[in-house]
There are 2 protein chains.
Amino acid sequence: MKQSQYFLKTSKTKPAEDVSINAVFLEQGGYVQKVMAGVYAYLPLGQRVLQKVEKIVREEMNTIGAGEIFLPSLHPKANWETTGRWGTLDILFKVKSQHSYEYALGPTHEELVTPMAQAVIQSYKDLPSAVYQIQTKFRDEARAKSGLLRGREFRMKDLYSFHASSQDLAKYYETVVVPAYLKIFERLGLKAIYTEASGGSFSKFSHEFQVEIESGEDTIYICDKCKMAKNKEVFSEDVECTNCGKTSWRQTMASEVGNIFKLETKFSESFNLQFTDQDGSKKPVIMGCYGIGTSRAMGVIVEKFHDEKGIIWPESVAPFRIHLLSLRGAEKEAEDLYESLLNSGIEVLYDDRDISAGAKFADSDLIGIPYRVIVSPKTIEQESVEIKKRSEQGSKLVKIDEILNSLQ
Amino acid sequence: MKQSQYFLKTSKTKPAEDVSINAVFLEQGGYVQKVMAGVYAYLPLGQRVLQKVEKIVREEMNTIGAGEIFLPSLHPKANWETTGRWGTLDILFKVKSQHSYEYALGPTHEELVTPMAQAVIQSYKDLPSAVYQIQTKFRDEARAKSGLLRGREFRMKDLYSFHASSQDLAKYYETVVVPAYLKIFERLGLKAIYTEASGGSFSKFSHEFQVEIESGEDTIYICDKCKMAKNKEVFSEDVECTNCGKTSWRQTMASEVGNIFKLETKFSESFNLQFTDQDGSKKPVIMGCYGIGTSRAMGVIVEKFHDEKGIIWPESVAPFRIHLLSLRGAEKEAEDLYESLLNSGIEVLYDDRDISAGAKFADSDLIGIPYRVIVSPKTIEQESVEIKKRSEQGSKLVKIDEILNSLQ
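Residues numbered from 1 in each chain as written. Chains lettered and ligands numbered in written order. Predicted model: local features only at pLDDT ≥ 70, side-chain atom pairs only at ≥ 80, totals over all residues. Heavy atoms only, no water.

**What to know about the pattern of salt bridges**
Phase 1: One pass over the structure, following the stated rule, counts 61 salt bridges over all chains.
Phase 2: A salt bridge links lysine 96 of chain A to glutamate 102 of chain A; the nearest nitrogen and oxygen atoms lie 4.0 Å apart.
Phase 3: Ionic pairing is found between arginine 296 of chain B and glutamate 217 of chain B, a salt bridge with its closest N-O pair at 2.9 Å. With arginine 296 of chain B in helix α7 (residues 294–304) and glutamate 217 of chain B in the loop between β10 (205–212) and β11 (218–223), this pair connects stretches of sequence that are 79 residues apart. (Salt bridge = Lys/Arg side-chain N within 4 Å of Asp/Glu carboxyl O. Helix = DSSP H or I, 4+ residues; strand = E, 2+ residues; numbered from the N terminus.)

Below, the structure written as structure tokens:
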């Protein structure tokens, strides 16, 4: 992609209202634009990152055999009345049609997925089963801040599982979802900490996947011996670790990137989602739900991987692999290299603009693509280019015909 | 995918409220579920089709160099007041936050894309430029009916282009967008007719891409000599074709799958989107907008390609390429074939359920996957399978080791 023709402009001006690191760098870097508090537009560069995050999540969901679905955002009011959440869920957006209908704007989808499952789940033979979707959610948050970390409109993957017994749910939760989630976060470059949290009214505990960052909105406690972690909301000081028996807790700030929940029969009872068991009896289906905030994960990645100059993307979610910079006098050679990188199937952003080297370097640091390749009259003299990793200080000269090898 | 484990149940019951063909077959076939009038949930089978449609659209948009963006669905009320459409667009959903904000729920995105472009387009050097998105739209339609053809919530691709002159817009419109659109519809299996339609208040004409179907909601007139087409709304009887001068119009019913529009300066003037031209003067940016209803296209495909038993998907958007059916006594051989087809990278839905052959055939006709492969004790005797194209009457016996060749 030639930068001169790309729908991208970086900005030297810090966003006025939001001082969180992800908002600053993503807005200045031309990834996103703030439309209003908690609502962002994704420009081409940002959409590429979001799609890479979501592709990783999708691949791992498909690997565990969940079917991808797509539920609407307009929900019938009746469904939310059935569960009693129409009047009690404070972040629920309500939409009045002129044609005397009333809708909830989906903040989560238990109220739709449960009745939907009735058409598919009738017998124990239909269980276990799981479906997921990746889509936009809406929450009428009192305060939406911290860039992509807390939005009124945001992207989320939500998985729902259906089981014949609590034992089967527990097994799916621990041996299917937890490993899949840890794999997803690892692929995103994030070390996620599996953390006990409040289970609300359905269950003793839920679990969160927390990433340690200074700007995190959650306080968690990690056992230094066995690495068990608890959210502050379920933590009692001076209590032994329920896992290893020690009491060496370390307090830290973290940001939640996923949470998983045993719903048990909470929603299946509301919607009368039952199955016929082997003995012929009707039983409520046991359910679990499992979320990952994909746009939030994008924000957390920036909070975690940056320096004072800009973002340092992990390769797996970087918008491009190479940022190719031509300096004045080497345009022809840079253009040739761009073509040959494209032909090798490498994702390249090519800064072909007629601006100063300093401006190109500053933009490249801000945008944070993993490899910077500089073609200048000086490097061409040596039939070379300069390659610098965004995550490292030094650079090296590499012969033009060895570039592909040196990127392995 | 093994059908016994797939989140899929077909239904023998016709939907009560909607008699349109696409609604009947897509609901009975387990592709979609009607949540309420004009609002559908996509089950795994339906989501696969929708994703294939959208992948084709995305590929052709990328081919013409448009950048993919993702704009929010919550729009500031102020933006719609700026264009005067807050009070006049009758299908606009309005959302009141408890926190004293008010939003429009995006039915289209000129009100967001135009101010967004201000950060990127400043000079004639930034033009022409184009961005697109594929996402959910919301319209408070008085009557939502005809399955996926007219929804209150639906999927759409919208492309926006920005130009320095009306001439450049006209060129982009005719030589970039029209060919790209015709290519997209061709890939979707649809013969789209480029049709003159009303330009509303901005422009003399807009253009629609219409597909002839009996259940179409539009009346169009096609010149039998030169194939020029006009929507009834801009058609005057007994008038010569503006293209070839003849008067041999044929009237037909059609359904719109795309429409394209010269916005000229309508929105750039509202939002003061200007560029500095080569002579240093400030001028309003000239804009075009170009839509394709992706979920509607899925519905139109079903309206076009079906028989009395069910859907007949074009290969390009079929949820799977092969529907493999095992009949009783041939389970082992079917299982082996399933594995070998999967290993060859072929998309297979494998009906491994322990039900009658007749029930499998009926489901297979309803679901409409292009190739049906039947493995029965009888075919195995001849080391063969039976292959039947959904679009043809006859079937043929093919040796098991020649299946892959015969599918080319």
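**Notes on the interface of chain A and chain B**
Phase 1: In this assembly, 57 residues from chain A lie in contact with 57 residues from chain B.
Phase 2: Both sides together, the interface formed by chain A and chain B hides about 4,600 Å², and carbon and sulfur atoms give 62% of it.
Phase 3: Our count for the chain A to chain B interface comes out at 2 salt bridges.
Phase 4: With its nearest N and O atoms 2.8 Å apart, the salt bridge here joins lysine 9 of chain A to aspartate 126 of chain B. (Contact = heavy atoms within 4.5 Å. Buried area = accessible area lost by both parts, 1.4 Å probe.)

**Here's the deal with the packing of helix α2 (residues 44–63) of chain A against helix α7 (residues 294–304) of chain A**
Two numbers describe a pair of packed helices, the interaxial angle and the distance between the axes.
All names here are of chain A.
Phase 1: In the contact formed by α2 and α7, the axes pass within 9 Å of each other and the chain directions differ by 115 degrees. Classified by the interaxial angle, the pair formed by α2 and α7 is roughly perpendicular. Read as a crossing pair, α2 and α7 show a hand that is right-handed. Where α2 approaches α7, its residues Gly46, Val49, Leu50, Val53, Glu54 and Val57 are matched on the opposing element by Thr294, Ser295 and Met298.
Phase 2: Grouping the constituent residues of the contact of α2 with α7 by class yields 5 nonpolar, 3 polar and 1 charged. (Axes fitted to C-alpha atoms, helices over the stretch in contact; angles between N-to-C directions. Parallel < 35°, antiparallel > 145°, perpendicular 65-115°, else oblique. Left-handed = near helix turned anticlockwise from the far one by under 90°. Nonpolar A, V, L, I, M, F, W, Y, C, P; charged D, E, K, R; others polar.)

**Things to note about the domain arrangement of chain A**
Residues and elements named next belong to chain A.
Phase 1: Per the domain assignment, the segments of chain A are domain 1 (3–307) and domain 2 (320–406).
Phase 2: A C-alpha centroid distance of 38 Å is found between domain 1 and domain 2.
Phase 3: Listed per partner, the contact involves 14 residues of domain 1 and 12 residues of domain 2.
Phase 4: Together domain 1 and domain 2 conceal approximately 1,200 Å² of surface at their shared face, both sides included; 50% is due to carbon and sulfur atoms.
Phase 5: Its largest share of buried area at the contact with domain 2, domain 1 owes to Gln3, Thr10 and Arg48, together 46% of the area lost on that side.
Phase 6: The interface formed by domain 1 and domain 2 includes 3 salt bridges.
Phase 7: In this structure, glutamate 347 engages arginine 48 in a salt bridge whose closest nitrogen and oxygen atoms are separated by 3.2 Å.
Phase 8: In this assembly, domain 1 and domain 2 are joined by 9 residue pairs in polar contact (both at pLDDT 80 or more).
Phase 9: Those elements that provide at least two residues to the side of domain 1 that touches domain 2 are α1 (21–28) and α2.
Phase 10: Broken down by class, the residue content of the side of domain 1 that touches domain 2 amounts to 5 nonpolar, 6 polar and 3 charged. (Domains from an automatic or database assignment. Polar contact = N/O pair within 3.5 Å; in protein donor to acceptor, adjacent residues only side chain to side chain.)

**So, the sheet that holds strand β23 (residues 395–399) of chain B**
Pairing between the strands of a sheet comes from backbone hydrogen bonds, and it takes one of two forms, parallel or antiparallel.
All names here are of chain B.
Phase 1: Taking strand neighbours across the sheet as the criterion, the 5 strands line up as β20-β19-β21-β22-β23 in an open arrangement whose pairing is mixed. Every interior strand has two partners, whereas the edge strands, β20 (348–351) and β23, have only one. In this sheet, adjacent strand axes meet at a mean angle of 25 degrees when their direction is disregarded.
Phase 2: Bridging between strand β21 (residues 371–375) and strand β22 (residues 384–389) involves 4 bridges; their strand directions are antiparallel. Directly across from tyrosine 371, in β22, lies its bridge partner lysine 389.
Phase 3: Along the sheet face, helix α9 (residues 357–367) touches β19 (322–326), β20 and β21 and points at about 175 degrees away from the line of β19. (Pairing = 2+ DSSP bridges.)

**Points about the relation of the copies chain A and chain B**
Phase 1: Taken as rigid bodies, chain A and chain B are interconverted by a rotation of 180 degrees and an axial shift of 0.0 Å, the fit giving an RMSD of 0.0 Å. Overall, the copies show the geometry of a two-fold rotation axis. Scanning chain A for the C-alpha nearest the rotation axis identifies valine 95 of chain A, at a separation of 2.6 Å.
Phase 2: The residues that chain A uses at the interface reappear at the interface of chain B in 100% of cases, marking a shared surface. (Least-squares fit on C-alpha atoms with pLDDT ≥ 70 in both.)

**Examining the pairing of strand β6 (residues 102–105) of chain A**
Residues and elements named next belong to chain A.
Phase 1: Examined bridge by bridge, strand β4 (residues 74–76) and β6 share 3 bridges and lie antiparallel to one another. The residue of β6 that forms the bridge with proline 76 is tyrosine 103.
Phase 2: Of the strand pairs in this sheet, strand β5 (residues 93–96) and β6 are connected by 4 bridges, and their pairing is antiparallel. Bridge pairing in β6 links valine 95 to tyrosine 103.

**A look at the packing of aromatic side chains**
Phase 1: All told, the structure shown has 29 aromatic pairs over all chains when counted by the stated rule.
Phase 2: An angle of 5 degrees between the planes, with centres 3.7 Å apart, marks the rings of tyrosine 221 of chain A and phenylalanine 235 of chain A as stacked. You can see tyrosine 221 of chain A sitting in strand β11 (residues 218–223) and its partner phenylalanine 235 of chain A sitting in the loop between β12 (229–231) and β13 (249–264), a full 14 residues away along the chain.
Phase 3: A centroid spacing of 5.9 Å and a plane angle of 75 degrees characterise the contact between tyrosine 6 of chain B and phenylalanine 320 of chain B, whose relative ring orientation is edge-to-face. Here tyrosine 6 of chain B is found in the segment before α1 (21–28), whereas its partner phenylalanine 320 of chain B is found in the loop between β18 (310–311) and β19, with 314 residues between them in sequence.
Phase 4: We classify tyrosine 6 of chain B as buried; its relative accessible area is 9%.
Phase 5: The exposure class of phenylalanine 320 of chain B is buried, given its relative accessible area of 2%.
Phase 6: One aromatic cluster in this structure is built from Tyr181, Phe185, Tyr194 and Phe209 of chain A.
Phase 7: Above the face of the phenylalanine 320 of chain B ring, arginine 48 of chain B is positioned so that its terminal group lies 3.9 Å from the ring centre.
Phase 8: Lying over the aromatic face of phenylalanine 267 of chain B, lysine 266 of chain B brings its terminal NZ or CZ to 5.8 Å of the ring centre. (Phe/Tyr/Trp six-rings, centres within 6.5 Å; stacked < 30°, edge-to-face > 60°. Buried < 20%, exposed > 50% of the residue type's maximum accessible area, 1.4 Å probe, protein only. Lys NZ or Arg CZ within 6 Å of the ring centre and 35° of its normal.)

**Observations concerning α2 of chain A**
Phase 1: The terminal C-alpha atoms of α2 of chain A, which comprises 20 residues, lie 28 Å apart, in line with the 28 Å expected from a rise of 1.5 Å per residue.
Phase 2: One or two residues past the end of α2 of chain A sits glycine 65 of chain A, with phi positive at roughly 85 degrees. (Expected span 1.5 Å × (residues − 1).)

**Examining the sheet that holds strand β20 (residues 348–351) of chain A**
Residues and elements named next belong to chain A.
Phase 1: Judged by pairing direction, the sheet is mixed, and its 5 strands sit side by side in the order β20-β19-β21-β22-β23 without closing on themselves. The open sheet has two edge strands, β20 and β23 (395–399), and neither has a second partner. Taking the axes of each pair of neighbouring strands and ignoring which way they run, one obtains an average angle of 25 degrees across the sheet.
Phase 2: With 4 bridges connecting them, strand β19 (residues 322–326) and β20 associate as parallel partners. Bridging across to β20, histidine 323 finds its partner in leucine 349.
Phase 3: Along the sheet, helix α9 (residues 357–367) makes contact with β19, β20 and β21 (371–375), crossing β19 at roughly 175 degrees.

**Examining the environment of lysine 225 of chain B**
Residue and element names in this part refer to chain B.
Phase 1: With respect to the helices and strands, lysine 225 occurs in the loop between β11 and β12 (229–231).
Phase 2: It is 6.9 Å that separates the C-alpha atoms of lysine 225 and serine 248, two residues lying 23 residues apart in sequence.
Phase 3: Once residues lying within four places of it in the same chain are set aside, the contact partners of lysine 225 are Cys244, Lys246 and Ser248.

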